[in-house]
Amino acid sequence: MNNYLSNIFNKIENLDVSFKLFLTAFFSIVFLRSILEGFSDPGFHGPFMGWTTLLLHMPIWFASVFVWLLILLKVLTKSPIEKLAKVQLLFFPIILFPPLFDLIITRGIGKFLSYIFVSNIGELGEYFIRFFLQPTISLGIRLEAAIVFFVFGLYVYFKIRKTSIAIVGVFLTYVILFIFGSFPSFPAIIYSLSGFDISPIIFYQILAAKSHNILIAQNYLFPQQNFSEKFRDFFNLIISAQIFISLAVGLIMLFFLWNKDKFLAFIKNIRPLRLSHYWFMFLIGIIIAYSLFGFLPSFNFYNLLALVLMLIVIALLWLTAVGGNDIYDIEADRLSNPQRPLVLNKITISEAKNFNFILFLLSIIGALIIGYQSFVLVFFSHIVAFLYSSPPFRLKKILILNSFLIAVASLAMILNGFFWIVPELKLTQFPLNYLILALLGGTLAINFKDIKDIEGDKKTGVKTLPAVLGMEKGKFIIGILSFIAYLLAPVFLKEIGLLLLAGIFGIICFIFITKSRFNEKLVFLTHFIYIFSIIMFYWLK
């Protein structure tokens, strides 16, 4: 028997499954589960669940559970993650069992499959201890859980031959599944600690009724008249936002456990100052919305959650752009940036493409949770990054256009912040003077990024000011353009009081750019302090 099981597990572990085939299989199974659940939990406008359930909530939930169980398997067995993931995937169709089983025993009626909803810690403990005896949990779910625990324990035992570790693994599997299964009850449980019990459903209904104070998916919700439909979408998006962050944390841990050296190489390649630039642009968009309309979102947990999610999405977008640029810049980087992970072969091109696909997918899903406007602007930014870096266009080779595209990407983040606050406005309601300032100022100011890449750009035919004019003349012209860019702010903002400030920072920036030992960090810091100073100017005014 042991040899038979060993042969089965070994065959599964050594299956030839490509990364994209793996993802296709995973999401196909999740989609089938969602369709099957639709028999007992149909949508409001037809036979299937709403899109927020079908395309966001359920895929994110199952992906997060899959990742955290994979982390547990890795910690317990110390086996390669590629092998463990294949085993999990082959047994993953077990998630189809509950809706199918419940449909059969109810003769086609089905059983509503939901989270565990409890109001206080005592009820949560009761469910934890007596999970398999709870009649409110469908029999299909309970049988599914029993099968999962059995297979998980059996596989852990097969890998390490220790009964005690296998039992611990089963218990921790139960803990992970129970946490994810009862997750929406946690706010109500926390609230109950103050002495007042409230049903989780009522808790979220109250939140949905006050959704005008909560920014997550506000631009999905304000046109809806049916409160039940509005509540369903609101619940899906609020829960999806929280589970998405759990998924992101899990993937980071999984990456580290998979290969520490590749993880560290990836982290060192993030270029935090350039990422911070786009975070600043997003913040500027929020401030513009506030300065024009006097609206700031309420300070509450869910708006803080939305802000964290937005910052994560922008980071994912940036990392996707970095990855794509590195893949097609590898020859130039051998001269200009020899420390890059692709040049050092710490990360292969195939791995970089897989990472980029995951980063792209996560950024799109995260943006969809936040709102339709954010999704459009994030997707637009991906297109700009593709046109900038990738063949056949590779527009970064064209002088001026390369800087203009980065200004366009910066503007997209400003618009992202702006419409996150006022999602009901039209695109034409964004002030024209701010738009021109972002495009013109950005095109002039951003050229300093090309200084350190001069050798690689010359070799690969990328036309930048340093590559065309030479290092010294190029730096001088870039310094002048940056100085002009700083002066544009008081002109387009119609704030003469900012001229002195702009002149001072413009001169500082010029000095840093034209120094014999150029340091990009000093230019970025000048840039950030100048933006912060403008913000403080308006705040004090």
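Since we're looking at a predicted model, the values are computed, not measured. (Residues numbered from 1 in each chain as written. Predicted model: local features only at pLDDT ≥ 70, side-chain atom pairs only at ≥ 80, totals over all residues. Heavy atoms only, no water.)

**Student:** I tried to follow the environment of I201 on my own but got confused; where do I start?
**Tutor:** Its place among the elements puts I201 in helix α10 (residues 200-209). Along the primary structure I201 and D233 are separated by 32 residues, whereas in three dimensions their C-alpha atoms are 13 Å apart. When residues no more than four places from it in sequence are discounted, the contact partners of I201 are F117 and F231. (Helix = DSSP H or I, 4+ residues; strand = E, 2+ residues; numbered from the N terminus. Contact = heavy atoms within 4.5 Å.)

**Student:** For this particular structure, what's the right way to read the pattern of salt bridges?
**Tutor:** Pairs can form between side chains of opposite charge whenever their charged atoms are close. This structure, assessed with the given rule, holds 14 salt bridges. Close ionic contact of R394 with D329 constitutes a salt bridge, the shortest N to O distance being 2.5 Å. Taken together, the positions of R394 in the loop between α18 (372-389) and α19 (401-421) and D329 in the loop between α15 (301-328) and α16 (330-336) put the pair 65 residues apart, joining distant regions of the chain. Taken individually, R394 and D329 each receive the classification buried, so the pair is uniform in this respect. Among the charged side chains, a network of salt bridges with common partners joins R271, D326, D333 and R340. (Salt bridge = Lys/Arg side-chain N within 4 Å of Asp/Glu carboxyl O. Buried < 20%, exposed > 50% of the residue type's maximum accessible area, 1.4 Å probe, protein only.)

**Student:** Hey, could you run me through the side chain of T173 in this one?
**Tutor:** Within the secondary structure layout, T173 lies in helix α8 (residues 163-182). Accessibility expressed as a relative area gives 0% for T173, which makes it buried. Reaching out from T173, the side chain makes a polar contact with the backbone oxygen of G169 at a distance of 2.7 Å. Apart from the residues within four sequence positions on either side, T173 is in contact with L69, L72, V148, F149 and F152. (Polar contact = N/O pair within 3.5 Å; in protein donor to acceptor, adjacent residues only side chain to side chain.)

**Student:** For this particular structure, what's the right way to read the packing of helix α14 (residues 272-293) against α19?
**Tutor:** When two helices pack together, you describe them by how their axes are tilted relative to each other and by the distance separating the axes. One can describe the packing of α14 onto α19 by two numbers: an axis separation of 7 Å at closest approach and a directional angle of 45 degrees. As the angle between them shows, α14 and α19 are arranged oblique. Like other packed secondary-structure pairs, α14 and α19 cross with a definite hand, here right-handed. On α19, the residues touching H277, Y278, M281, F282, I284, G285, I286, I288, A289, L292 and F293 of α14 are I406, A409, S410, M413, I414, N416, G417, F418, W420 and I421. (Axes fitted to C-alpha atoms, helices over the stretch in contact; angles between N-to-C directions. Parallel < 35°, antiparallel > 145°, perpendicular 65-115°, else oblique. Left-handed = near helix turned anticlockwise from the far one by under 90°.)

**Student:** Looking at this structure, I do not really get unusual backbone geometry. What am I missing?
**Tutor:** Among all residues except glycine, the phi angle is most often negative; among peptide bonds, the trans geometry is most common. Geometrically, the link from P391 to P392 is a cis peptide bond, its omega value of 5 degrees lying close to zero. Its place among the elements puts P392 in the loop between α18 and α19. One non-glycine residue, K78, lies in the positive phi region at around 60 degrees. Along the polypeptide, K78 turns up in the loop between α3 (51-77) and α4 (81-91).

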